[in-house]
Amino acid sequence: MPTATTAVPPRPFGTVLSAMVTPFTPDGSLDLTAAASLAEHLVADGHDGLVVSGTTGESPTTSDEEKDALLRAVLEAVGDRATVVAGVGTNDTRHTVELARAAEKAGAHGLLVVTPYYNKPPQAALLAHFTTVADATGLPVMLYDIPGRSGVPIETETLVRAAEHDRILAVKDAKSDLFASAQVLARTDLAYYSGEDALNLPLLSLGGSGIVSVVSHVAGRAYAELIAALDAGDLPTARAVNARLLPAVRGIMTRTQGAVAVKAALELTGVLPGRTVRQPLLPATADEVEAIAADLALAGLAPATHDA
């Protein structure tokens, strides 16, 4: 049993957030009814926050109008019980500002702003981009540092300077550089949210505030238990929960692309009626679904067999 409690880090966006998928009908249309139902399920299953229209939400393939409709549907469903963060990041600062202002008008509680991708701006340009977006609304901002997708990391000194902005409060960290994360945590008041499920426990142990998770779609309560254990100074329990969930992390994060895999997992667990994604993605194959089902079963989350 733990002998002492630990200091709880700041949590401006909540603790357990899902990088929520965007449900589509079999013909690929936006399914707002399923989106509202999914949001309700996630909040009932351990989440106190949702990120809408992130990468896992297939934001590159949804229109601005669809993003607005999706955000409003989720806010109507759970906005009084969870922090709803709108993904507004693009590689065009003007477009990002437009999306940020639309999200504020719709009632979003915060913004997720990813590093501009493909055009690979230098660090001074990144800081200018983030500052311009943060200046555009009154909403709190979570930066999304994911160089594997964007091509550019947010360097430590850039994050330190960004932290000086009153509305830049947090980082979704998917950089796979725990030393860099520890340095920023030591030098700023930024709240760090793990954006990489394989590293949830290590980042949280360094002082991370919570998670923005893909795997939590099927393991929200378990991750809430893990974080509560860390808050109480109970590292053995946190380690045990983390170990139990490792097969689910493998299934959802390594079998195929994350949005594809987690939609298959949600279909397996009966949360979504189907696993439709939009091209250029394709739905999980029967073999992939079977492998994901087996992984979920090992984590105690689903039966080992499934008729795909």
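Everything numeric in this text was worked out from a predicted model, so none of it was measured. (Residues numbered from 1 in each chain as written. Predicted model: local features only at pLDDT ≥ 70, side-chain atom pairs only at ≥ 80, totals over all residues. Heavy atoms only, no water.)

### What to know about helix α4 (residues 123-136)
Thinking step 1. Taking 1.5 Å as the rise per residue, α4 with 14 residues should run 20 Å; its terminal C-alpha atoms sit 20 Å apart, in good agreement.
Thinking step 2. Residues of α4 that are buried include every one of L126, L127, H129, F130, V133, A134 and A136, and no others.
Thinking step 3. Buried positions along α4 lie against α3 (93-106), β4 (110-114), β5 (141-145), α6 (156-162) and β6 (168-173). (Helix = DSSP H or I, 4+ residues; strand = E, 2+ residues; numbered from the N terminus. Expected span 1.5 Å × (residues − 1). Buried < 20%, exposed > 50% of the residue type's maximum accessible area, 1.4 Å probe, protein only. Contact = heavy atoms within 4.5 Å.)

### Quick look at the pattern of salt bridges
Thinking step 1. Under the definition given, this model contains 14 salt bridges.
Thinking step 2. We note a salt bridge from K175 to D145, for which the minimum N-O separation is 2.8 Å. With K175 in the loop between β6 and α7 (178-187) and D145 in strand β5, this pair connects stretches of sequence that are 30 residues apart.
Thinking step 3. According to the relative accessible area criterion, K175 is buried, its value standing at 15%.
Thinking step 4. Linking R187 and E157 is a salt bridge whose minimum nitrogen-to-oxygen distance equals 2.7 Å. Taken as a pair, R187 in helix α7 and E157 in helix α6 lie far apart in primary sequence, 30 residues in all.
Thinking step 5. Take E157: its relative accessible area is 47%, and that puts it in the partly exposed class. (Salt bridge = Lys/Arg side-chain N within 4 Å of Asp/Glu carboxyl O.)

### Observations regarding a negative patch on the surface
Thinking step 1. Together, D64, E65, D92 and E98 make up a region of like negative charge exposed at the surface.
Thinking step 2. Tracing the backbone through its elements, the reader meets D92 in the loop between β3 (83-87) and α3. (Patch = residues over 30% accessible without salt bridge, like charges linked within 9 Å, V, L, I, M, F, W, Y side chains within 5 Å. Areas by Shrake-Rupley, 256 points an atom, 1.4 Å probe, with all protein chains shown as cover. Lys, Arg positive; Asp, Glu negative; His and termini not counted. Charge placed at Lys NZ, Arg CZ, Asp CG, Glu CD.)

### With respect to the nonpolar core
Thinking step 1. V74, L111, Y223, L226 and I252 are the most contacted members of the largest nonpolar core, which has 100 residues in total.
Thinking step 2. The biggest single contributor to this core is helix α11 (residues 258-268), with 8 residues.
Thinking step 3. Dropping the residues within four chain positions of it, V74 is found in contact with M20, A39, L50, V52, G79 and V84. (Core = buried A, V, L, I, M, F, W, Y, C linked by side-chain atoms within 4.5 Å.)

### What to know about the sheet that holds β5
Thinking step 1. A barrel is described by the order of its strands in space; here 8 strands give the closed sequence β1-β2-β3-β4-β5-β6-β7-β8, paired in parallel fashion. Across the sheet, the axes of successive neighbouring strands diverge by a mean angle of 25 degrees, strand direction being ignored.
Thinking step 2. As judged from the 4 bridges shared by β6 and strand β7 (residues 191-194), these two strands associate in the parallel manner. The residue bridging V171 from the neighbouring strand is Y192, located in β7.
Thinking step 3. The strands touched by α4 within the sheet are β4, β5 and β6, with β4 carrying the most contacts at an inclination of about 160 degrees. (Pairing = 2+ DSSP bridges. Axes fitted to C-alpha atoms, helices over the stretch in contact; angles between N-to-C directions.)

### Considering the packing of helix α1 (residues 32-44) against helix α2 (residues 64-78)
Thinking step 1. At a minimum axis separation of 9 Å, α1 and α2 run at an interaxial angle of 45 degrees. It follows that α1 is oblique to α2 by the angle criterion. Taken as a pair, α1 and α2 cross one another with a handedness that is right-handed. Every residue of α2 that contacts α1 at L32, A35, A36, A39, E40 and V43 is listed here: A69, L70, A73, V74, A77 and V78.
Thinking step 2. Grouping the constituent residues of the contact of α1 with α2 by class yields 11 nonpolar, no polar and 1 charged. (Parallel < 35°, antiparallel > 145°, perpendicular 65-115°, else oblique. Left-handed = near helix turned anticlockwise from the far one by under 90°. Nonpolar A, V, L, I, M, F, W, Y, C, P; charged D, E, K, R; others polar.)

### Some points on the environment of A265
Thinking step 1. With respect to the element layout, A265 can be found in helix α11.
Thinking step 2. Linking A265 and A293, residues 28 residues apart in sequence, is a C-alpha distance of 7.2 Å.

### Brief notes about the side chain of S150
Thinking step 1. As for its placement among the helices and strands, S150 is situated in helix α5 (residues 147-150).
Thinking step 2. On the basis of relative accessible area, S150 is assigned to the buried category, the value being 3%.
Thinking step 3. Only 2.9 Å separates the side chain of S150 from the backbone oxygen of V152, close enough to count as a polar contact.
Thinking step 4. Other than its neighbours up to four places away in sequence, S150 contacts T115, P116, Y117 and Y118. (Polar contact = N/O pair within 3.5 Å; in protein donor to acceptor, adjacent residues only side chain to side chain.)

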